[in-house]
Structures are given as C-alpha cells and as structure tokens.
Amino acid sequence: MISPATFHVITTELVVGSFAMAGLCFLLHALCRYELIKSKNMVSITDNVAHFALLFGIIATPFAIFSGISSSPGSGFSTPILVNKMFLSMTGFGLAAAALISRWKMGNTILAEKKSMLVQTFSGMAASGLMLLTASAGGSFTRGESLLDIFSLPYDMIILMPITISTILLISGLASTTAVLWKILGKSTV
C-alpha cells in the first residue's frame, strides 16, 4: 500500500507538469497567432496540447488535493499555507475548467477572433500560474523553500476578500454563467 504522502508527491508532479505544459503551449499558441512565431503547423499543435494538458491536470488535481489533506499533519488546514494552497488550487481548477468548457462548447470559433482567443489564452495561462504558485506554497510548507522565494510571497498569511468583493464576484459569476447558458440554450435546435 502506498502512503498518502507518497501518493501526494506523485499526483502533485502530474498536476504541476501538465499545467506547466499547458501554460507554455497557451503562450506559444498566442505568439503564433500574433505571428511573433511564424509557424502555421504550430498553431494547431499548441492548441491541442494546451487543452489536453489542461484536461489531464484537471483530472489529477482532486487526487493531489485529497492526498495532500490526508497526508498533512493535523486536520489538513492547520496552517495558513495549507489554506492558501486550497484557495489557489481551487481558483486554478476553476479557470482551467472554464477554459476547457468554453473551448468545448464554442469549438474553433473561440479562436477565430483575437479578443476571445486572448481570453482563452489568459484563462489557461492564469490557471497554470495558479497551480505553479500552489506548488511553490507546497515547497515552502514541506521544505521551507520554494522556487518563488525571491518574491517573498506571504504564504503564511491567509488572504481573504471582504464580503462586498466576494458578493460582487458571486453576482458577476452567476450573471456570466446565466448569459452563457442563455446563449447556449438559445442556439439549440431542440
């Protein structure tokens, strides 16, 4: 039987690797679309790899979260670093899911316009960045050091938003979800 700590290391590496690959491919895709890299073949390759890596990262994320909670000392949320890791990973998971769902529902049309392509690219890269930030917080928790120590990030302080900002974000999220569902159901021929 494998221990939760070892399983957490394995799943974390899967998540970090797939999200890092997705972020890099989203960046390369945007550079190709803006013709800073001149390769027509690379446009479709980076698009496919970015979304596949994002999907794989999403599938591996719950395993990393639950194995991390079960392998941490105490209740799983005993330190501010662990709470921040949960916030960061859930936000990254949500952005990644939004990027995948919008690409699945809208198909290639999301990449037809530069604005929607930029939003798609930004969502994928932001999800990747948040997952890498989560991994950096994990390094600070387990080893006392991380790759991002040069930025002196406040991992030991829980950053919560005030109720007003949370309410505004909740309302805007519900409004955007309603608008997307309205558009999707309005296009339905059934």
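Residues numbered from 1 in each chain as written. Predicted model: local features only at pLDDT ≥ 70, side-chain atom pairs only at ≥ 80, totals over all residues. Heavy atoms only, no water.

Draft legend 1. Expanded view of the overall build of the protein. From N to C terminus, the protein includes five helices and zero strands. N-terminal to C-terminal, the α/β element order of the protein is α-α-α-α-α. The burial tally for the protein puts 33% of its 190 residues in the buried class. Across the protein, contacts joining residues at least 24 apart in sequence account for 73% of those joining residues at least 6 apart. For the protein, the accessible surface area stands at approximately 11,800 Å², while carbon and sulfur atoms represent 75% of it. (Helix = DSSP H or I, 4+ residues; strand = E, 2+ residues; numbered from the N terminus. Buried < 20%, exposed > 50% of the residue type's maximum accessible area, 1.4 Å probe, protein only. Contact = heavy atoms within 4.5 Å. Areas by Shrake-Rupley, 256 points an atom, 1.4 Å probe, with all protein chains shown as cover.)

Draft legend 2. Layout of helix α3 (residues 80–106). The terminal C-alpha atoms of α3, which comprises 27 residues, lie 39 Å apart, in line with the 39 Å expected from a rise of 1.5 Å per residue. Residues of α3 that are buried: Ile-81, Leu-82, Val-83, Asn-84, Lys-85, Leu-88, Ser-89, Gly-92, Ala-96, Ala-99, Leu-100 and Arg-103. (Expected span 1.5 Å × (residues − 1).)

Draft legend 3. Here's a closer look at the nonpolar core. Residues Val-15, Phe-19, Ala-22, Phe-26, Leu-54, Ile-58 and Ala-96 are the most contacted members of the largest nonpolar core, which totals 16 residues. Only α1 (4–33), α2 (40–71), α3 and α4 (114–142) provide two or more residues apiece to this core. When residues of this core are assigned to their parent elements, the largest contribution, six residues, is made by α2. Among residues more than four places away in sequence, those in contact with Ala-96 are Phe-19, Leu-54, Ile-58 and Ala-127. (Core = buried A, V, L, I, M, F, W, Y, C linked by side-chain atoms within 4.5 Å.)

Draft legend 4. Spotlight on the packing of α2 against α3. One can describe the packing of α2 onto α3 by two numbers: an axis separation of 10 Å at closest approach and a directional angle of 145°. Considering the relative orientation of α2 and α3, their crossing is left-handed. Of α3, the residues touching α2 (which contributes Asp-47, His-51, Leu-54, Leu-55, Ile-58, Thr-61, Pro-62, Ile-65 and Ile-69) are Met-86, Ser-89, Met-90, Phe-93, Ala-96, Ala-97, Ala-99, Leu-100 and Arg-103. For the contact of α2 with α3, the class distribution of residues is 13 nonpolar, three polar and two charged. (Axes fitted to C-alpha atoms, helices over the stretch in contact; angles between N-to-C directions. Left-handed = near helix turned anticlockwise from the far one by under 90°. Nonpolar A, V, L, I, M, F, W, Y, C, P; charged D, E, K, R; others polar.)

Draft legend 5. Expanded view of the packing of aromatic side chains. Tallying each qualifying case throughout the model produces one aromatic pair. Ring geometry for Phe-7 against Phe-63: centres 6.5 Å apart, planes inclined by 90°, an arrangement best described as edge-to-face. Residue Phe-7 is found in helix α1, and its partner Phe-63 is found in helix α2; the two are separated by 56 residues along the sequence. In this structure Phe-7 comes out as partly exposed when scored by relative accessible area, which is 32%. Judged by relative accessible area, Phe-63 falls into the partly exposed class, the value being 46%. (Phe/Tyr/Trp six-rings, centres within 6.5 Å; stacked < 30°, edge-to-face > 60°.)

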